[in-house]
Amino acid sequence: MENLLIITIMRNEVWKQVIDSDGAYEVSDCGRVRSYKNNKWGLSTNPKLLTVRDDAYGYKTVSLRMHGSYKNVKVHRLVVEAFIGRKLEPSEHIDHLNTIRTDNRLSNLRICSQAENNRNLLTRKKMSIARKGKKLDLTDEQRKRLSENAKQMWRDDKIRERIIEAVGKPII
């Protein structure tokens, strides 16, 4: 059954040319990258799927030869740029909606600002859990009470000073 699902996905895959690749590379809406390059004779009619690697931050990257040199490029950027038809601006970031950095399906990606990306609730929850080292299953009411208690504690000068001494400078 699982193989049937994979085959169905592949049949419906949409491929677009990678921006500035002169037809040598394509990327799919499923996040796969293929090459039409041929070592000596230019472009091939038989595309070859490229190997993707994880970078130090857990994002999928692929090595592309463009303009005479190799460059490691994040796959999620290739997907978005190909499907919107232009290079991203430096201020534009890409958010993985489900926060899984290896899930480069077009349906899981959105263009946003850095601030919007940081406000992604799932990302914030994951970061919070990672900092604490364990997951806390709290109800909405418990979260609300914890938040109110923390605000009250922060308003108390003596407690605030003790927190600053213990933790360091406040980031707020």
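**Side note on unusual backbone geometry**
Inference 1: Within the chain, Asp22 stands out as a residue other than glycine whose phi angle is a positive 55°.
Inference 2: Looking at the element boundaries, Asp22 is found in the loop between β1 (15-17) and β2 (25-28).
Inference 3: Positive phi, close to 55°, is recorded for His67, a residue that is not glycine.
Inference 4: Topologically, His67 is positioned in the loop between β6 (60-66) and β7 (69-74).
Inference 5: Given a relative accessible area of 68%, His67 falls into the exposed group.

**What about the packing of aromatic side chains?**
Inference 1: Scanning the model with the defined rule gives zero aromatic pairs in all.
Inference 2: Directly above the ring of Trp15 sits Arg34, whose terminal nitrogen or CZ lies 3.9 Å from the centroid.

**Regarding the nonpolar core**
Inference 1: In terms of nonpolar packing, the biggest core is built from 17 residues, with Val18, Tyr25, Val27, Val33, Val62, Leu64 and Leu78 touching the most fellow members.
Inference 2: Where this core is concerned, the elements lending two or more residues are β2, β6 and α2 (75-84).
Inference 3: Ranked by residues supplied to this core, first place goes to α2 with five residues.
Inference 4: Those residues in contact with Leu64 that lie beyond four places of it in its chain are Val18, Tyr25, Val33, Leu50, Ser69, Tyr70, Lys71, Val73 and Leu78.

**Here's the deal with the pattern of salt bridges**
Inference 1: Counted according to the given criterion, the structure contains eight salt bridges.
Inference 2: Where Lys60 meets Asp54, a salt bridge forms, and the shortest distance between an N and an O atom there is 2.8 Å.
Inference 3: The exposure class assigned to Asp54 is partly exposed, which follows from its relative accessible area of 48%.
Inference 4: Ionic pairing is found between Arg105 and Asp103, a salt bridge with its closest N-O pair at 2.7 Å.

**Points about α2**
Inference 1: Most of α2 sits out of view: seven of its ten residues are buried.
Inference 2: Among all positions in α2, only Val75, His76, Leu78, Val79, Val80, Glu81 and Ala82 are buried.
Inference 3: Remark: Gly85 follows α2 within two positions and exhibits a positive phi of approximately 80°.

**Let's talk about the sheet that holds β6**
Inference 1: Taken in spatial order, the three strands line up as β5-β6-β7 in an open sheet, and their pairing is antiparallel. Every other strand in the sheet has two partners, leaving β5 (53-54) and β7 as the edge strands with one partner each.
Inference 2: Both β6 and β7 contribute to a ladder of six bridges, which runs antiparallel. By the bridge assignment for β7, Leu64 is matched with Lys71.
Inference 3: Sitting on the sheet, α2 touches β6 and β7, and the angle it makes with β7 is about 85°.

Quick notes on the rules
- Residues numbered from 1 in each chain as written.
- Predicted model: local features only at pLDDT ≥ 70, side-chain atom pairs only at ≥ 80, totals over all residues.
- Heavy atoms only, no water.
- Helix = DSSP H or I, 4+ residues; strand = E, 2+ residues; numbered from the N terminus.
- Buried < 20%, exposed > 50% of the residue type's maximum accessible area, 1.4 Å probe, protein only.
- Phe/Tyr/Trp six-rings, centres within 6.5 Å; stacked < 30°, edge-to-face > 60°.
- Lys NZ or Arg CZ within 6 Å of the ring centre and 35° of its normal.
- Core = buried A, V, L, I, M, F, W, Y, C linked by side-chain atoms within 4.5 Å.
- Contact = heavy atoms within 4.5 Å.
- Salt bridge = Lys/Arg side-chain N within 4 Å of Asp/Glu carboxyl O.
- Pairing = 2+ DSSP bridges.
- Axes fitted to C-alpha atoms, helices over the stretch in contact; angles between N-to-C directions.

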